[in-house]
Amino acid sequence: IFAADQISNIISVNLDPVAVEKVKRKGGEAILSRAEELDLHGIKADLFLSFETIEHLTDPVRFLHELAIKGSSEYLFLTVPYCKRSRFGGFHMRQNLSTMPEKMTAEEVHIFEFSPEDWLLLANFAGFNPLFTRTYLQYPKYSPLRLTAPLWRKLDFEGFFGVLLKRDLGLANRYSDW
């Protein structure tokens, strides 16, 4: 837990130039960059936060491993859309080619949509262990509104999965072909 006086600088990293300008106009600090290229900007973070980002990356294992071995922070907090069952690709990738947009950006396309168990396994393999997890559902779990779960699953996501990770290279160091 951080006290407000301990937070000195927050930097937003985004691939969307409009989002970067929006942050800057509001007085924040923002960098136009791919998440995978953070090391090129010399960012030395005390804590990395990733909100609904990693599912858009073409190589989330490499991204997390690079953070684990090169990152300045021992901790990473990330959230991803909650999926009960893992799958490759989301909405855009499952469309018929003739109905797909001509161009798709990383911001629009989910490449990996994993279950919480698979995200935790991926993070562990890359060099992190979970300290805390939480699943937020879009509907009350113990209510008749639970019946809306299939609708959420079809139209969007049932919710979000968040995890606080701590660097632990135990498993990652056993893999010799990074």
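Look up a bit, the structure's there.
Description of the structure in this document.

Basis of the calculations
Residues numbered from 1 in each chain as written. Predicted model: local features only at pLDDT ≥ 70, side-chain atom pairs only at ≥ 80, totals over all residues. Heavy atoms only, no water. Salt bridge = Lys/Arg side-chain N within 4 Å of Asp/Glu carboxyl O. Helix = DSSP H or I, 4+ residues; strand = E, 2+ residues; numbered from the N terminus. Buried < 20%, exposed > 50% of the residue type's maximum accessible area, 1.4 Å probe, protein only. Axes fitted to C-alpha atoms, helices over the stretch in contact; angles between N-to-C directions. Parallel < 35°, antiparallel > 145°, perpendicular 65-115°, else oblique. Left-handed = near helix turned anticlockwise from the far one by under 90°. Contact = heavy atoms within 4.5 Å. Nonpolar A, V, L, I, M, F, W, Y, C, P; charged D, E, K, R; others polar. Arc of directions from axis to C-beta. Patch = residues over 30% accessible without salt bridge, like charges linked within 9 Å, V, L, I, M, F, W, Y side chains within 5 Å. Areas by Shrake-Rupley, 256 points an atom, 1.4 Å probe, with all protein chains shown as cover. Core = buried A, V, L, I, M, F, W, Y, C linked by side-chain atoms within 4.5 Å. Phe/Tyr/Trp six-rings, centres within 6.5 Å; stacked < 30°, edge-to-face > 60°.

Side chains that carry opposite charge are capable of pairing whenever their charged atoms lie near each other. Inspection of the entire model under this criterion finds five salt bridges. Where Lys70 meets Glu66, a salt bridge forms, and the shortest distance between an N and an O atom there is 2.9 Å. Separated by four residues within a single helix, Lys70 and Glu66 lie in helix H2 (residues 60–70), roughly one turn from each other. Among the residues examined, Lys70 registers a relative accessible area of 51% and is labelled exposed. A salt bridge links Glu74 to Lys166; the nearest nitrogen and oxygen atoms lie 3.4 Å apart. Here Glu74, found in the loop between H2 and strand S4 (75–81), pairs with Lys166, found in strand S8 (residues 159–167); they are 92 residues apart in sequence, far enough to count as distant. Taking the relative accessible area as the measure of exposure, Lys166 reaches 29% and is therefore partly exposed. The network of salt bridges with common partners includes Arg62, Glu66 and Lys70.

Another aspect to go through is the packing of H2 against helix H3 (residues 116–126). Where H2 meets H3, the axes come as close as 8 Å, and the angle between the chain directions of the two elements is 45°. Relative to H3, the element H2 lies oblique. Classified by chirality, the crossing of H3 by H2 is right-handed. On H3, the residues that touch Pro60, Val61, Leu64, His65 and Ala68 of H2 are Trp119, Leu122, Ala123, Phe125 and Ala126. Along the lines of polarity and charge, the residues of the contact of H2 with H3 split into nine nonpolar, one polar and no charged.

Among all positions in H3, only Pro116, Trp119, Leu122, Ala123 and Ala126 are buried. Buried residues in H3, looked at end-on, bunch into an arc of 125°, giving them a common side. Residues of H3 that are exposed and point over 90 degrees away from its buried face: Glu117 and Leu121. On the buried face of H3, the contacting elements are H2, S4, strand S6 (112–113), strand S7 (128–137) and S8. In the stretch just after H3, Gly127 is the one whose phi turns positive, near 130°.

Moving on, we come to a nonpolar patch on the surface. A cluster of nonpolar side chains, namely Tyr75, Leu131 and Phe132, defines an oily patch on the protein surface of about 280 Å² accessible area. On the secondary structure map, Leu131 appears in strand S7.

Before going further, it helps to spend a moment on the nonpolar core. Counting 27 residues, the largest nonpolar core has Ile54, Leu64, Leu76, Leu78, Trp119 and Phe128 as the members making the most contacts within it. Those elements that provide at least two residues to this core are H2, S4, H3 and S8.

A word on the packing of aromatic side chains. Using the criterion set out here, one finds seven aromatic pairs in the structure. Note on Phe114 and Trp119: the rings are 4.9 Å apart at their centroids and 55° apart in plane angle, and the pair reads as tilted. The exposure class assigned to Phe114 is buried, which follows from its relative accessible area of 16%. Residue Trp119 is classed as buried on the basis of its relative accessible area, which comes to 4%. Judged by centre distance (5.1 Å) and plane angle (40°), the ring pair of Phe125 and Trp178 falls under tilted.

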